[in-house]
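Working through the structure, step by step
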Amino acid sequence: MSQSCAVRVCDAQSLVDGGLGVKLPVTDGAGRGTVFFVRYQGKVYGYLNRCTHIGVEMDWENSFFTRAGDLLMCARHGATFHPDTGVCVGGAARNSRLTALQVEERDGAVYWQPAGKIQPL
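Residues numbered from 1 in each chain as written. Predicted model: local features only at pLDDT ≥ 70, side-chain atom pairs only at ≥ 80, totals over all residues. Heavy atoms only, no water.

This next bit is on the packing of aromatic side chains. Each aromatic ring pair is characterised by the separation of its centres together with the angle its planes make. Scanning the entire structure with this criterion turns up four aromatic pairs. Summarising the aromatic geometry, the rings of F36 and Y47 are spaced 5.9 Å apart at their centres and angled 40° between planes, so their arrangement reads as tilted. Here Y47 lies in strand β4 (residues 43-48) and F36 lies in strand β3 (residues 32-40), a separation of 11 residues in the sequence. Taken individually, F36 and Y47 each receive the classification buried, so the pair is uniform in this respect. Where Y40 meets F65, the ring centres are 6.5 Å apart and the plane angle is 25°; that geometry is what we call stacked. Pair noted here: Y40 is in strand β3 and F65 is in the loop between β4 and β5 (72-73), with a separation of 25 residues, a long-range link. Taken together, the aromatic side chains of F36, Y47 and F64 make up a single cluster linked through ring pairs. One cation-aromatic arrangement involves R106 over Y111; the distance from NZ or CZ to the ring centre is 3.9 Å. (Phe/Tyr/Trp six-rings, centres within 6.5 Å; stacked < 30°, edge-to-face > 60°. Helix = DSSP H or I, 4+ residues; strand = E, 2+ residues; numbered from the N terminus. Buried < 20%, exposed > 50% of the residue type's maximum accessible area, 1.4 Å probe, protein only. Lys NZ or Arg CZ within 6 Å of the ring centre and 35° of its normal.)

Looking now at the UniProt feature "domain: Rieske" (unreviewed entry) in the protein chain. The UniProt feature table records "domain: Rieske" (unreviewed entry) at residues 7-112. Annotation note: span residues 7-112, helix share 0%, strand share 40%, distance between end C-alpha atoms 5 Å. (UniProt positions renumbered as here; feature names shortened; annotations may be inferred.)

The next subject is the nonpolar core. The biggest cluster of nonpolar side chains holds 17 residues, and the ones touching the most others in it are F36, C51, M58, L72, F81 and L98. Those elements giving two or more residues to this core turn out to be β3 and β4. For F81, the residues in contact, after removing those within four places along its chain, are C51, T52, M58, L71, L72, G86, V87, C88, V89, S96 and L98. V9, V35, L101 and I118 belong to the second-largest nonpolar core, a separate cluster that totals 15 residues. (Core = buried A, V, L, I, M, F, W, Y, C linked by side-chain atoms within 4.5 Å. Contact = heavy atoms within 4.5 Å.)

The backbone of Q41 sits at a positive phi, close to 50°, despite the residue not being glycine. Using a relative accessible area of 62% as the deciding quantity, one classes Q41 as exposed. Backbone geometry at N95 places phi at a positive 75°, although glycine is not the residue there. With respect to the helices and strands, the residue N95 is situated in the loop between β7 (88-90) and β8 (102-106). Under the relative-accessibility criterion, N95 is labelled exposed at 67%.

Judged by pairing direction, the sheet is antiparallel, and its three strands sit side by side in the order β1-β9-β8 without closing on themselves. Each having just a single partner strand, β1 (7-11) and β8 make up the two edges of the open sheet. Recorded for the sheet is a direction-independent mean angle of 25° between the axes of neighbouring strands. Sheet topology places β8 next to strand β9 (residues 109-113); five bridges connect them, and they run antiparallel. (Pairing = 2+ DSSP bridges. Axes fitted to C-alpha atoms, helices over the stretch in contact; angles between N-to-C directions.)

With antiparallel pairing, the four strands of this open sheet are ordered in space as β4-β3-β2-β10. Every interior strand has two partners, whereas the edge strands, β4 and β10 (119-120), have only one. Two elements, strand β2 (residues 22-27) and β3, share six bridges in a ladder whose sense is antiparallel. Looking across to β3, one finds that K23 is bridged to F36.

And the structure:
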């Protein structure tokens, strides 16, 4: 990942396995929205914060995981997604996939490499 264009998201310890996510404002060509970053099984993942079913933001107050901490869940209607792949495994959007971001953890921090239409504000 090119360090010069990378966006610093947060301190690495801010993301806990199955815990709250961190959101950043973005534009994606269709308007303004957010992206989110979470930790799952020790690794950090980032996605466009838009449910594949009805296009709404997925979280409730930065909470993206189910209570068990094993799946991401849309707070609006309960669709569930694998945190490591973004694939929908439950709900009306089954087999669709969240838009993944290029994320890297280094030097005690989490970085996002913006690409394509999804750009930070």
